[in-house]
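Below are the chains, spelled out letter by letter.
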Amino acid sequence: MNLFIFNLVFNNLIIDFLLKRDLEVTSNALTNLQNDFISISFPVAFQINSLLISFILSILIAIIIKFFVLDQFNLDDPINIIKSFLKLFFVYTGSLFSVLYLLRIYNLSRGLVIVSIVGFTLLSFLFVLLLHFGLKKTIGNSLIGKSIPVFILLLLISVFFFQRNTDEDTYSVEAVPTTSSTIFSGVVNEDCKEWKGSDNFSNCVSGVEIEILDSFPNMVTNVIVYEDIIYLLENSGKIFNHTNNEVFLDLSSKVGVFEDFAESGLFSLAFHPTNEYLVVSYSDLENNLIVESYNLNSSFEPDVTNPVNLIKLPSSQCCHYSGNLIWSTFFDDFLLSVGDMQNKNGLLHSEPLDTTSPKGKILFLNKKISNPDLLSLENTQTPRNDILAYGLRNPWKTFVYKNYLFVPDVGKANEEELNVVDLNDFKATSKPYLFGWPHYEGSLYYELVFNQILYHDGESSVNIRNYVQENTILPNVYYSHQAPENFRAAIIGGGLIEDVESEYFEYYFFADYLSNELFSYEFMTDKLTMYPLNNVGGYITSVAINPYSSDSILITTTSGNLLQINLP
C-alpha cells in the first residue's frame, strides 16, 4: 500500500504537469481515448484525466517493485544495491512508456519525461531503503519499527489529498456510453460559466437554439460560404456542396490524414471572385502543407485534370499547419494563414518572427507588396515581401470585413487571443503586423532572454527582444485556459453578420474548441458576449454565418456534424 500511494503521489504530480504543458496535446490524446471507449459501447461513464492515468501507472509499478526490488533488496550486498537502482530505473521507464503508448498519449515534453524518470529513480530508491529498514526484524518488531509503515502511509495519503485539493483543475474528458453522445437539439438553457480574460467581457446570454442540419462519417474541418452556397470540407479530402448534396471536389487520394497527427487533412477552400478558379489547402501524403488551384468550367465544376501547385511547405512535425485561405477584396488577393508548423510541446522557437520564413505568418498568395524589417539569423538574408502579419502560432480562420482583418490565434498553454487590425495601416506603411509569438501569448509576455533571431537595422544586429516589445500588437480579446469553472482552449475563428437589419449587425462570432461556447465581439464598441451551448456531439472545428437564415450561425464538429445555431 505504501508503494502504491508513493507512486500515486509522484505520478499524479508528474502526469498532471505534463498534460497541462499543452492543452492541444492533452485534448487530442484524451479525446482519442474517449473515442475508443465510445466505439466499444463502454457501459459506464467515468472521467479520463491525469488521476486515472496515474492510478493505472501506479498499480503496475507498485506490483513490480514489490516483487522484483523490495522483496529482493539486500543492503549488505553492493551488487544487489546497484541492481536494485537499475531495476527501478528500467521499471519506471518501461511502465511509463508502455502506459502512455497503450493510452495513445504522444508528443509530451521529452525533457520533462526524462526529468521524471531520473527523479523517480532517486526518490523510489530512498523510499525502498526506508521501507527495507522498517521490514527488518531487528527494527520491524519494535514499536518504532511497526509505526514506520503506518506513519509513512498516513503522510503519503495526506500529501495526496493536499495535492488534489490545492491543484488547479486539469483538462479531462468523460468516457460515456454511446447513447449519451447524442447531439442536443433545441433551446439551450445552460448556465453561463465565469469569464477569465480581457476586461471587455460584457455579459452572457443563454437561450440559443441548436438544429442538426447534416452529419458525415468523418470530421468536418471547415464550412465555407460562397455566393450563398455552403461548402463542407471533410477531413479525409472531400468537399461537399451542401446546397445540392453532391461531392464538389474529391481530393482524398492526395490528402494525408495521419492517425497521430490530429490536425492533418483538408484545411480550406476559397474562390476567385471571377469564378474562373479556386484554391484549396491540405496536408499531403508526405506531410507537406499544399496550396493548389483548380480551374472552374462554365458549369462551375472544378477541372481535376490539371491542378496548379502554388505552395509546398515541408513539415517534419504533427501540428500547426493552419492553411486557412480567404479572399480579400481590400487587397484583391488571397490570404494564406500558415502556422508555426512545430510540435506542440517543442521548445519555444523563433521562426514565426523570422521575416525570411513563411511559417507563423499570414501571406499574400500572389502580391509582393510588403516591406518588413529584417529579423533573421544572418544579415545577408532578404525579408519576404509577401508578409501581411507575423509572430503567430496557429491562426485558424482569419476573416476580412471592409478594411478590418480578424486574426484568431490558438495559444499554447495559457491564453487564447483574437486580434483585429485596420488594413489601412498596412496600406500606408507596407509594414506587416507583428503579434509577438513566442515572446507573447495573448496578453502574457515571456522573458525570453535568448533568441537566435536577430534584428538587423543595416548598421548593427541586436537581440530582437526590445523590437518585439515595442512593435507587438496586443489582442483585442484574450481569455485564460484555466477558467474558474471550466476549461477553455483553442479559439476557432468565424465570421461577421453583415445584415444591417439584424440586431447583431457587425458582431463577429467565434467559438472555443474545448468548452463548446460561442462568443460575439462587437469590435466597434469593444464588447464581448458569451453564448453557452449544450452537447454538440464533438468539438467545434469552424464557424460561419448562415446565408439562408437571419441571425443564425453554422458550426462544424470533430464528429462530422453541421449544426445551425439560432441566436436568441
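Refer to the preceding data block for the structure.
Residues numbered from 1 in each chain as written. Predicted model: local features only at pLDDT ≥ 70, side-chain atom pairs only at ≥ 80, totals over all residues. Heavy atoms only, no water.

## Things to note about the overall build of the chain
1) Next: Secondary structure assignment for the chain yields nine helices and 34 strands.
2) Next: Going through the 568 residues of the chain one by one, you find that 55% of them count as buried.
3) Next: In the chain, of all internal contacts separated by at least 6 residues, the share reaching a separation of at least 24 is 63%.
4) Next: Put simply, the chain shows about 24300 Å² of open surface, and 56% of that area lies on carbon and sulfur atoms. (Helix = DSSP H or I, 4+ residues; strand = E, 2+ residues; numbered from the N terminus. Buried < 20%, exposed > 50% of the residue type's maximum accessible area, 1.4 Å probe, protein only. Contact = heavy atoms within 4.5 Å. Areas by Shrake-Rupley, 256 points an atom, 1.4 Å probe, with all protein chains shown as cover.)

## Quick word on the nonpolar core
As a rule of thumb, soluble globular proteins bury nonpolar side chains together.
1) Next: By size, the foremost hydrophobic cluster in this structure holds 46 residues, and its most contacted members are Phe 406, Phe 509, Phe 510, Leu 518 and Ile 555.
2) Next: Among the elements that take part in this core, strand β29 (residues 507–512) stands out by supplying five residues, more than any other.
3) Next: Leaving out residues up to four positions away in the same chain, Ile 555 has contacts with Leu 533, Val 536, Ile 540, Ser 542, Val 543, Asn 561, Leu 562, Leu 563 and Ile 565. (Core = buried A, V, L, I, M, F, W, Y, C linked by side-chain atoms within 4.5 Å.)

## Comments concerning the sheet that holds strand β20 (residues 404–409)
1) Next: One open sheet holds the four strands; their spatial order is β19-β20-β21-β27, and the pairing between them is antiparallel. With one partner strand each, in any of the chains shown, β19 (399–401) and β27 (477–480) form the two edges of the open sheet. Each neighbouring strand pair of the sheet contributes to a mean axis angle of 10 degrees, computed without reference to strand direction. (Pairing = 2+ DSSP bridges. Axes fitted to C-alpha atoms, helices over the stretch in contact; angles between N-to-C directions.)

## Details of a negative patch on the surface
1) Next: Judged by side-chain charge, Glu 190, Asp 191, Glu 194 and Glu 485 come together as a negatively charged surface patch.
2) Next: With respect to the secondary-structure elements, Asp 191 resides in the loop between β3 (186–187) and β4 (201–204). (Patch = residues over 30% accessible without salt bridge, like charges linked within 9 Å, V, L, I, M, F, W, Y side chains within 5 Å. Salt bridge = Lys/Arg side-chain N within 4 Å of Asp/Glu carboxyl O. Lys, Arg positive; Asp, Glu negative; His and termini not counted. Charge placed at Lys NZ, Arg CZ, Asp CG, Glu CD.)

## A word on the pattern of salt bridges
1) Next: Scanning the entire structure with this criterion turns up seven salt bridges.
2) Next: The partner of Asp 373 in a salt bridge is Lys 431, and the shortest N-O contact between them spans 3.1 Å. Note that Asp 373 is positioned in the loop between β16 (361–364) and β17 (374–376) and Lys 431 in the loop between α8 (423–429) and β22 (433–434), a separation of 58 residues in sequence.
3) Next: A relative accessible area of 31% means that Lys 431 is categorised as partly exposed.

## Examining the packing of aromatic side chains
1) Next: Under the definition given, this model contains 43 aromatic pairs.
2) Next: The interplanar angle of 70 degrees and the centroid separation of 6.1 Å between the aromatic rings of Phe 73 and Phe 125 together place this pair among those described as edge-to-face. Residue Phe 73 is found in the loop between α3 (50–70) and α4 (78–102), and its partner Phe 125 is found in helix α5 (residues 110–135); the two are separated by 52 residues along the sequence. For the pair shown, Phe 73 and Phe 125 are each scored as buried. (Phe/Tyr/Trp six-rings, centres within 6.5 Å; stacked < 30°, edge-to-face > 60°.)

## A word on the pairing of β16
1) Next: Of the two faces of β16, the one holding Lys 361 and Leu 363 and the one holding Ile 362 and Phe 364 are both buried throughout.
2) Next: Two strands pair when backbone bridges link them, and strand β15 (residues 333–338) and β16 are joined in this way by four bridges, in the antiparallel orientation. Residue Leu 335 lies in a different strand from β16, and its bridge partner there is Phe 364.
3) Next: As paired strands, β16 and strand β18 (residues 387–390) are joined by three bridges and run antiparallel to one another. For Leu 363, the partnering residue across the bridge sits in β18 and is Ile 387.

## A few points about the environment of Pro 484
1) Next: Along the polypeptide, Pro 484 turns up in the loop between β27 and β28 (491–496).
2) Next: When the C-alpha atoms of Pro 484 and Trp 195 are compared, they prove to be 7.9 Å apart, with 289 residues separating the residues in sequence.
3) Next: Ignoring anything within four residues of it in the chain, the contact list for Pro 484 reads Glu 194 and Lys 196.

## A short note on helix α1 (residues 2–20)
1) Next: Given a rise of 1.5 Å per residue, 19 residues ought to cover 27 Å, and the 27 Å separating the end C-alpha atoms of α1 matches this to within 8%.
2) Next: Among the 19 residues of α1, 16 are classified as buried, and the element is accordingly described as predominantly covered. (Expected span 1.5 Å × (residues − 1).)

## Some words on the sheet that holds β16
1) Next: Ordered by their spatial adjacency, five strands build an open sheet running β14-β15-β16-β18-β22, and the pairing between neighbours is mixed. Lying at the two open borders of the sheet, with one neighbouring strand each, are β14 (322–328) and β22.

## Side note on the state of the cysteines
1) Next: Tallying each qualifying case throughout the model produces one disulfide.
2) Next: One disulfide bridge connects Cys 192 with Cys 204, the sulfur atoms lying 2.0 Å from each other. Note on the Cys 192 and Cys 204 pair: the S-S dihedral is about -85 degrees, so by sign convention the disulfide is left-handed. In this pair, Cys 192 sits in the loop between β3 and β4 while Cys 204 sits in strand β4, placing the two residues twelve residues apart along the sequence.
3) Next: The partly exposed category is assigned to Cys 192, whose relative accessible area is 31%. (Disulfide = S-S within 2.5 Å.)

## Considerations on unusual backbone geometry
1) Next: With an omega of 10 degrees, the peptide bond running from Trp 437 to Pro 438 counts as cis.
2) Next: By the secondary structure assignment, Pro 438 is in the loop between β22 and β23 (440–441).
3) Next: Despite not being glycine, Lys 402 shows a phi value in the positive range, around 55 degrees.
4) Next: Among the secondary structure elements, Lys 402 is positioned in the loop between β19 and β20.
5) Next: Overall, the relative accessible area of 54% leaves Lys 402 in the exposed class.

## Some remarks on the packing of α1 against α3
1) Next: The interhelical angle for the contact between α1 and α3, taken along N-to-C directions, is 140 degrees, at an axis separation of 8 Å. As judged from the angle between their axes, α1 and α3 are oblique. Viewed along their axes, α1 and α3 form a crossing whose handedness is right-handed.
2) Next: Tallied by class, residues from the contact of α1 with α3 come to 14 nonpolar, six polar and two charged. (Parallel < 35°, antiparallel > 145°, perpendicular 65-115°, else oblique. Left-handed = near helix turned anticlockwise from the far one by under 90°. Nonpolar A, V, L, I, M, F, W, Y, C, P; charged D, E, K, R; others polar.)

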